[in-house]
Structure formats: structure tokens, C-alpha cells
Amino acid sequence: MSQVIIEKDIPCKLRDGVTLYANIYRPNQPGQFPTLLSRLPYNKNLPNFSHRYIDPLRLVEQGYVVIIQDVRGRFASEGEFQPFNQEFNDGYDSVEWAASLDFSNSHVGLFGLSYYGFTQMFAAMSQPPSLKAIFPAFTGHNIAEEFSERQGAVELAKLQTWMLDSIAPDYLRRKQTAEQFKDTEKLLIEDLDHILDWHAYTPYAELPPIMKHEPIQQLYTNYINNELFSDALKHTDINAVQTPGYHMAGWYDCFLNATINNYTKTVQNNSNQKLIIGPWGHGVFSPYFGDRYFGLHGSGECIEGKDDITSLHIKWFDYWLKGKSSNVIEEAPIKLFVMGSNKWRSEYEWPLARTNYTPLYLQKDNRLSFNQPSENKSYNQFEYDPNQPVPTKGGPSLFIHGINTGPLAQNEIETRDDVLIYTTEPLEQPVEVTGPVKAYVYASSDAVNTDFTVKLTDVQPDGTSINVTEGIVRAKHQHPNFKPDDVTLFEIDLWATSIEFLQGHRIRIQISSSNFPMYDVNPNTGNSLKNTTETTVANQTIYHNKDYPSHVLLPIIDS
């Protein structure tokens, strides 16, 4: 097939009379074809309309109609944009509209990453009869738990980046005259160029780049007050999803845990689910990522040396929309990239049934050991000053243009007085860690409320310390009755990873009380910097002795 018919701004009328517009790419030949739909808020007309990770024209060449649609209230589409809330009914209607087109054979699949992964999950929850398969990437299904907070800490950089960079420009353009928007656009560009500085502004409820533009103030206010997604918060019944799904995740993605949850929950009700997790960040599929090189097979273009991401989509949809045999169906349901050894591996369940959950204990003298602490009194202390927070250095972050994300050297961070480090001796043999990681930290603070952070790193023989996975907890979020100076056990979810710590490498744990601006700074006052600028210094104590054996629980896979 050498030619593609392109039709732009094709209307789709919804049940309430609002019209959405889409671009359609279809084979230049007679007949009816299965249809692949992607619904996004980021402009269907951009050259990178598929988020740079899949080639829709290849899909057309393989016999599919591909539709890229602006969601309600965005770019060409009518209506008022209500993030996520609108995507349940609109998703249902759009799927059935796509199925009704003259050149469609009534079989529809959905694909897309991030927000347009959520649109897939929400449409699948609403069960449109023509929806046959989905391929949600780097996304979730439960807005309350997966979008803007992590164990009580606000994901500040993601929140402000998404609002200013992804949402504000078109939202304001639609509400202003062309002349007004010329000035608005200049201000937005200037503020986005300095967004890393703006992350530090407090109180962040009054963020100047937002307050300059009255039309978006209420949207931002509702967002930071957890009122923006009121309808979406009611739709969390993933048990309603009966659609076959291929779920794609990245070890350094901000929706890693959410994507894994999509898989583990849907597979309970429909066994036709797949999960692939690569050494990737949010829309980042290069083998060169941060300070690591994962080998060519770590690229989204060379998965196991036989597939790229587009070919995975083709194989998946060929089976469910065309009824063609496909080895992607016969393969194990889970495909994982093991960092360190830099190899793909197939698995049959998550977590792995053969996991040996093993405590790795914090010890005196900043040691880390698989032996339980034997000391009666052993602890370390540090001061946490909210005005001098530990800066974010890589991780599952979402910053403008993808900066400061993924695996980055932590050595400069580890010289700070407010970062405790605990390190094993060089490993005599490789140790594979694959699965959910949790830290159990006994700590006290003289503050009425505070945060604790934990980071797992891989220390290479030359001393370079590379972050692997991490977590944070806000004291009163986990312990509402938290009191100053009480020794408290915190369970800190570090999400999941898959890495082989190689022989001669060391395993390290970092502990501190901030990771800014990935997360908002806890002022230690019992209030939030959302509405105040007042802070106080907290004195933190981390315990590691017989009575209070702080440790990280590693999911070790024996060879």
C-alpha cells in the first residue's frame, strides 16, 4: 500500500450536541478497515501528533484507519475543557462514531500515551460495544491516587509543568481575542523559560505565571485543591474493563506504578492483558538515558532485537481487530527489561512468584547489610531546612521538555549534610532486584509534620551513584496522629524496579526529607506552602538498631 488518504477536521457529534474534530488517515483503496483511535488534548495537527513513539502512517500501510482526535474543549474541538471528567462519555461516543464511518469495519482499537492513555482506560470503563482492544502507555486509571500526589506529597513540578506548558496556551487562546493572545503568548513563553525558578514560588496557590491570566486562575485553583477532577474521581471501577489491553510502562516514568496497577487489576477480570516495562521515562525511549546507556535493545526501536513499539501495536491489533495469528499473543504476558545486565526477560505474573523478599538493614557507620542490627543504640540525625531543600536529581519526574529525569549521578546530592547515605560492601556476586520495593524507616522529628524520602541507588566501581527508584511520605498523611519526638515507623513505597546490581557494585540508600521540585516542600509547620510562606527547621532522627531496625525490603530474584 503506497498511498494514504488524509482528511482533516472531520466532525464527530457527541450525545450532548458538542462536536469534536479529528484527522483521519486511511488506506487509498476501497473497502472497510479496522480503526485505531487516539484522543488527545495536545493538538492533532502537530507533526509529533502521536507523541513521537509510534508511526500512524505505518499503521495505515498495514491496513488500518487511524484517527487522531482533539478532545472536548481543545484546539479544533468544541466545548469546555474539563480535564479527565469529560472522557468517559466522550470516549464512548467517539469509539462508536469511529465504528460507524463508511470505511470502518466497526472494530475499533485505542492507542496513546499519558493523557491519551487515560482516555483509553476511561473509554474502556464505559464499555463501548465496538471497542475491541487498547494499548495504553505510561498512564493510569485512578485520578485520586495516581495523578498529582504521592503518599501525601504534591507532585509540584508535574502539576505546574502540565498546567503551564501543556494546558494554558490553548486554554487561554480560546478565551481571548487574537490580539489579546499575542501578548498572553509572549508572557507564557517568558514564564515557561523560567519555570524552574517559578517552582520555588510560595505560596504556590498564587503562582504569578497563572495569576497573570484570569481565565485560567480557577482551573489552576481547582487543580491544586483536588477539585478539578471531581467527576473522574467517581470513576475508579477498573473491574468494568473487559477489553484486551497491552500496557506499556517505563522504570523511570511518573506513571510507572499507575501503569502496573492498570495491568494487575484488569488481568483479574480479563486475562487477555500484556505488560511491557522498559528502561524508559515519560515518552523517552532512547537507549541513552540520563547517565546510563542501556544498550540498543533498551531502545523503543529495538526491543529484543526484533520489534519496535509500532510493530508491537501492529501485532496486538492484528490479532484483536483482524483475527490474524500473532506471536505477541503466544508470548508470556509480561516483558521486563532488567537494567544492569541490560536484557529483556519474559515473566508470567507480577510480582514474580519466585521473589525472595529480603530486608537490607541500615547500620551504624553508614553501612548497609543483610544482617539485622545488633546495636542497642544506633541512629543518625540531620537538620531539614525547607528553605534549602534537597534538589531533584533525576528519577520518575516530569519537567518541561523532559529535563532532569531518569538515571542521573547522585554524588553531588550525597555530599549534603541533610542527606544520609548507607552503603553495602562491594557485592561478591550479582544481586537481581525485580519487583515492588518498600522501605520501613523508624524516624522521629521535632516538627508537627514533616516528610521523609528514600532513594535506592547503584554505586558503580568508580564511585558513581546512579538512582534506581525512590519514594516519599508525608508524616501526617500516613500517621494522622503523628506527634513530635515520637519514634514512628514509616512505610515508604519506592514503587518498583528491575535491576541487576553487578559484582563489584554497591547498593546504597539515601534518606532525607525533601526532593524539590519533584515534590512540594513540607514547611514543617503543619501547614502547606500552597497557602503560606512560613517555614521552620526540623531536626530529624533515623534509627537503625535492635529495637528499631530500619530497612529496605528488596524483591530479590535468585539466579
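Definitions and cut-offs
- Residues numbered from 1 in each chain as written.
- Predicted model: local features only at pLDDT ≥ 70, side-chain atom pairs only at ≥ 80, totals over all residues.
- Heavy atoms only, no water.
- Pairing = 2+ DSSP bridges.
- Helix = DSSP H or I, 4+ residues; strand = E, 2+ residues; numbered from the N terminus.
- Axes fitted to C-alpha atoms, helices over the stretch in contact; angles between N-to-C directions.
- Core = buried A, V, L, I, M, F, W, Y, C linked by side-chain atoms within 4.5 Å.
- Buried < 20%, exposed > 50% of the residue type's maximum accessible area, 1.4 Å probe, protein only.
- Contact = heavy atoms within 4.5 Å.
- Salt bridge = Lys/Arg side-chain N within 4 Å of Asp/Glu carboxyl O.
- Parallel < 35°, antiparallel > 145°, perpendicular 65-115°, else oblique.
- Left-handed = near helix turned anticlockwise from the far one by under 90°.

### Re the sheet that holds strand S20 (residues 451-459)
Sheet architecture is open: four strands sit in the order S18-S23-S20-S21, paired in antiparallel fashion. The open sheet terminates on both sides in strands that have one partner only, identified here as strand S18 (420-423) and strand S21 (465-474). Across the sheet, the axes of successive neighbouring strands diverge by a mean angle of 20°, strand direction being ignored. As judged from the nine bridges shared by S20 and S21, these two strands associate in the antiparallel manner. Within the sheet, the bridge partner assigned to Lys455 lies in S21 and is Glu470.

### A short note on the nonpolar core
Counting 154 residues, the largest nonpolar core has Phe84, Trp251 and Ile542 as its most contacted members. The element contributing the most residues to this core is helix H5 (residues 156-175), with nine residues. Once residues lying within four places of it in the same chain are set aside, the contact partners of Ile542 are Leu362, Ser378, Tyr379, Asn380, Phe382, Leu420, Tyr422, Val441, Tyr442, Ala443, Phe452 and Ile511.

### A look at the pattern of salt bridges
One pass over the structure, following the stated rule, counts 29 salt bridges. Across the pair Lys306 and Glu331 runs a salt bridge, and its minimum N-O distance is 3.2 Å. Residue Lys306 is found in the loop between strand S12 (292-293) and helix H11 (309-322), and its partner Glu331 is found in the loop between helix H12 (327-330) and strand S13 (334-338); the two are separated by 25 residues along the sequence. Among the ionic contacts, a cluster of salt bridges with common partners joins Glu304, Lys306, Glu331 and Lys335.

### Structural notes on the packing of H5 against helix H9 (residues 214-224)
Two elements in contact, H5 and H9, have axes whose closest approach is 10 Å; the angle formed by their N-to-C orientations is 150°. On the basis of their axis angle, the class for H5 and H9 is roughly antiparallel. When the axes of H5 and H9 are compared, the crossing they make is right-handed. Judged by residue contacts, Leu159, Gln160, Trp162, Met163, Ile167, Ala168, Tyr171, Leu172 and Lys175 of H5 engage Pro215, Ile216, Leu219, Tyr220, Tyr223 and Ile224 from H9.

### Regarding unusual backbone geometry
That bond from Thr202 to Pro203 is cis: its omega, -5°, falls within 30 degrees of zero. Take Pro203: it is sitting in the loop between helix H7 (195-198) and helix H8 (208-211). Pro351 follows Trp350 through a cis peptide bond whose omega is -10°. Summarising the element assignment, Pro351 is placed in the loop between strand S14 (343-347) and strand S15 (356-362). At Glu304, a residue that is not glycine, the phi angle is positive and equals roughly 60°. You can see Glu304 is positioned in the loop between S12 and H11. Even without a glycine there, the phi angle at Trp495 is positive, about 60°. Note that Trp495 resides in strand S22 (residues 488-501). Classification of Trp495 by relative accessible area gives buried; the value is 11%.

Worth remembering: the numbers are spatial, not functional.
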